[in-house]
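Tertiary structure, described
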Amino acid sequence: MKLTSRRTLLTSVAAAAATLPLLNDLAGNGGTAAAATAETEFPTNAALYSSSQYQEGVHWMRRFRTHPQGLLLDNTSASSGAVRGTAVIAPHGGGIEPGTSELCLTLAGYSRVGAGTDPVADTAVPQRDYWMFEGIASSSSLHVTSTHCDDPAALAVCAANLYAVSLHGFAPDAGTPAKQILIGGRDARLMRNLAAAFAGHGLTTGNADPALDVTVTVAGVNSPLNGDDPDNIVNRTRTGAGAQLEISTELRRAMFGDFSSASGRRTTAGVGSAHEAHFWNGFVDAVREAVDRHERGLDSL
């Protein structure tokens, strides 16, 4: 993605981002913000992996990639470049929270391919470390809470990076907007950059076409989805912080021409009507820009 007019973006969307409602404001005390948090069958990934009921390659799989850690060096008189080091993770990908695997690969700078095929790097954007746990079947039993994630590869990927962004799906409560993004985590600056970028890329309310509206909220301290637990896998980075993005089912569905299967999602991301392009491109471009700003030490304030 070509990052242009950062100063313009900073001045034009900071005010909009500052007016984003807290999740507490949107849903009382935040206690009933989403219906995605259900009882899980397995307390940890290790418990799931040792189960005889669910088998790797049959019911679930993991995909991940890390890059060699190069020497961090700046010895020039010109402005420093970005300090790259942001992992992208999808703890509940595949059929568990559909759409998050496809977003994970794309945001990490790779082609959307199925298991067994090596993703191709997108030379137009930076490549990032990624980790995905994917349900081959859409079983809620495979959902391990992010604070209990002990997958060795996930821990290694996050521990090797300064920052991380995690992708999740949720179902909003009845009576709240269908298309939502909830921003949580412990990295407040990254969260601010994400909020500003979503507004700048049209994922906001008040569009001329109401069907394009997206409600973006910053999770309040009492929200069950605020992602600020230090044990949350997204916060197990070298800085002890990351950003968690909860994406509503209807917003994820609206990003794809065919949301019904993994192969359909891989081939129709952002393809279909103008709406699919608006939601998919807006989300991907916003996250990429927010991460780039964050790695450059910039803030939306």
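Overview of the structure.

This brings us to the packing of aromatic side chains. Across all of its chains, the model carries eight aromatic pairs by this definition. Seen in terms of ring centroids, Tyr110 and Tyr130 are 5.6 Å apart; in terms of plane orientation they differ by 65°. Their pairing is edge-to-face. On the criterion of sequence distance, the pair formed by Tyr110 in the loop between helix H4 (100–107) and strand S3 (130–135) and Tyr130 in strand S3 is long-range, its members being 20 residues apart. For the pair Tyr110 and Tyr130, one class covers both residues: buried. Ring geometry for Phe256 and Phe259: centres 5.8 Å apart, planes at 35°, overall tilted. Taken individually, Phe256 and Phe259 each receive the classification buried, so the pair is uniform in this respect. Grouped by ring-pair contacts, the aromatic residues Tyr49, Trp60 and Phe133 constitute a single cluster. For Arg62, the ring lying beneath its charged end belongs to Tyr49, and the centroid distance is 4.6 Å. Residue placement shows Arg265 over the ring face of Phe259; its charged tip is 5.8 Å from the ring centre.

Where strand S5 (residues 180–185) and strand S6 (residues 215–218) come together, four bridges link them in parallel fashion. Each residue of the ladder has a partner; that of Leu182, found in S6, is Thr217. Taking the sense of rotation as the criterion, the β-α-β connection linking S5, helix H6 (residues 188–200) and S6 turns out right-handed.

So, how was this worked out
- Residues numbered from 1 in each chain as written.
- Predicted model: local features only at pLDDT ≥ 70, side-chain atom pairs only at ≥ 80, totals over all residues.
- Heavy atoms only, no water.
- Phe/Tyr/Trp six-rings, centres within 6.5 Å; stacked < 30°, edge-to-face > 60°.
- Helix = DSSP H or I, 4+ residues; strand = E, 2+ residues; numbered from the N terminus.
- Buried < 20%, exposed > 50% of the residue type's maximum accessible area, 1.4 Å probe, protein only.
- Lys NZ or Arg CZ within 6 Å of the ring centre and 35° of its normal.
- Pairing = 2+ DSSP bridges.
- Right-handed = clockwise from strand over helix to strand, strands pointing away.

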